[in-house]
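Here is what each chain is made of, one letter per residue.
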Amino acid sequence: MKTVGLFYGSETGNTKSAAFMIAAELGENNVEVHDIADTNPESLLSYDNIILGAPTWGFGELQNDWENFLPGFDELDLSGKTIAFFGLGDQVNYEDVFLDAMGTIHEKVRERGGAIVGSWPTDGYDFTGSTAVENGSFVGLALDVDNQDDLTPDRISQWVSKVRDQFQ
Ligand SMILES: Cc1cc2nc3c(=O)[nH]c(=O)nc-3n(C[C@H](O)[C@H](O)[C@H](O)COP(=O)(O)O)c2cc1C
């Protein structure tokens, strides 16, 4: 597997923690982790395998760093890149807009030509609406550390073992 570029934004540290758990699962030598607050969208182009991680804030909105980072994707050609997502949200307090930021980012990546991998079943979650669901599955790994933190390690390990087979 070629080196994975993992890019995350995080307001209160939950997505950052998940990013480093995913990196540990992939193996530290296989991945380079970037906080999007300290890098620019062009740095995605250094990798053929990319993971994008985002929490949802506001009411179904992007986290602040993602607000600044995502518009730069309009200048990127992501064809030839294999891209997976993970999102953090709260299915109890934001059941109608659970993980919507992951849906927003997924939509943009598709528009820019990325090959998307790493969908995840909706079984085991209880919510009413999410733009991160397509054809009955989440478009990436769904994490809810506010309500189901005990499930996070297993979800990460299962998801990583699946996406690593789909990376280049
Ligand atoms: C003010 C506020 C707004 C939030 N809005 C949403 C939301 O619209 N949808 C959702 O799924 N989660 C929402 N969440 C939950 C966060 O996404 C969740 O706590 C996440 O783990 C935060 O990740 P971070 O620490 O990396 O920023 C919200 C949380 C807060 C405190």
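Before any of the text, the structure's been laid out above.
Caption draft 1: Local environment of the pattern of salt bridges. The final tally for this structure, using the stated rule, is six salt bridges. Of the charged contacts in the structure, one is a salt bridge between arginine 110 and glutamate 107, with a shortest N-O distance of 3.0 Å. Here the residue arginine 110 and the residue glutamate 107 both occupy positions in helix 3 (residues 100-111), the gap between them amounting to three residues, near one helical turn. Taking relative accessible area as the criterion, glutamate 107 reaches 40% and is therefore assigned partly exposed. Where salt bridges share partners, they join Lys2, Asp48 and Lys81 into one cluster.

Caption draft 2: Structural context of the site of the ligand. The environment of the ligand is formed by 21 residues, the closest being Ser10, Thr12, Thr15, Thr56 and Gly60. Interatomic distance of 2.6 Å between a side-chain N/O atom of threonine 15 and an oxygen atom of the ligand. At 3.0 Å from an oxygen atom of the ligand is found a main-chain nitrogen or oxygen belonging to leucine 99. Starting from 650 Å² of accessible surface for the ligand in isolation, the protein chains cover 85%. Listed by contribution, the elements that provide at least two residues to the shell around the ligand are helix 1 (14-26) and strand 3 (49-57). In terms of residues, the shell around the ligand owes the most to one element, strand 3, which gives three residues.

Caption draft 3: Inspection of helix 3 at higher detail. Under the 1.5 Å per step criterion, the end-to-end length of helix 3 is 17 Å for 12 residues, consistent within 8% with the ideal 16 Å. Among all positions of helix 3, only Asp100, Ala101, Met102, Gly103, Ile105, His106, Lys108 and Val109 are buried. Glycine 113 sits one or two residues past helix 3 and shows a positive phi near 95°.

Caption draft 4: Fine view of helix 1. Taking 1.5 Å of rise per residue, the 13 residues of helix 1 would be expected to cover 18 Å, and the 18 Å separating its terminal C-alpha atoms lies within 8% of that figure. Among all positions in helix 1, only Thr15, Ala18, Ala19, Ile22, Ala23 and Leu26 are buried. Taken around the axis of helix 1, the buried residues stretch over an arc of 140°, which confines them to a single face. Those residues of helix 1 that are buried are in contact with strand 1 (4-8), strand 2 (31-35), strand 3, strand 5 (82-88), strand 10 (141-143) and helix 4 (152-166).

Caption draft 5: A look at the pairing of strand 2. Bridge count for strand 1 against strand 2 is five bridges, and the pairing is parallel. By the bridge assignment for strand 2, leucine 6 is matched with valine 33. This β-α-β element, strand 1 to helix 1 to strand 2, shows right-handed connectivity.

Caption draft 6: Here's a closer look at the side chain of asparagine 49. Relative to the elements of secondary structure, asparagine 49 occurs in strand 3. Its relative accessible area of 0% is what places asparagine 49 among the buried residues. One polar contact links the side chain of asparagine 49 to the main-chain carbonyl oxygen of lysine 2, over a distance of 3.1 Å. Setting aside its immediate chain neighbours within four residues, asparagine 49 contacts Met1, Lys2, Thr3, Val4, Gly5, Thr82, Phe167 and Gln168.

Rules and cut-offs
- Residues numbered from 1 in each chain as written.
- Predicted model: local features only at pLDDT ≥ 70, side-chain atom pairs only at ≥ 80, totals over all residues.
- Heavy atoms only, no water.
- Salt bridge = Lys/Arg side-chain N within 4 Å of Asp/Glu carboxyl O.
- Helix = DSSP H or I, 4+ residues; strand = E, 2+ residues; numbered from the N terminus.
- Buried < 20%, exposed > 50% of the residue type's maximum accessible area, 1.4 Å probe, protein only.
- Near = heavy atom within 4 Å.
- Polar contact = N/O pair within 3.5 Å; in protein donor to acceptor, adjacent residues only side chain to side chain.
- Areas by Shrake-Rupley, 256 points an atom, 1.4 Å probe, with all protein chains shown as cover.
- Expected span 1.5 Å × (residues − 1).
- Arc of directions from axis to C-beta.
- Contact = heavy atoms within 4.5 Å.
- Pairing = 2+ DSSP bridges.
- Right-handed = clockwise from strand over helix to strand, strands pointing away.

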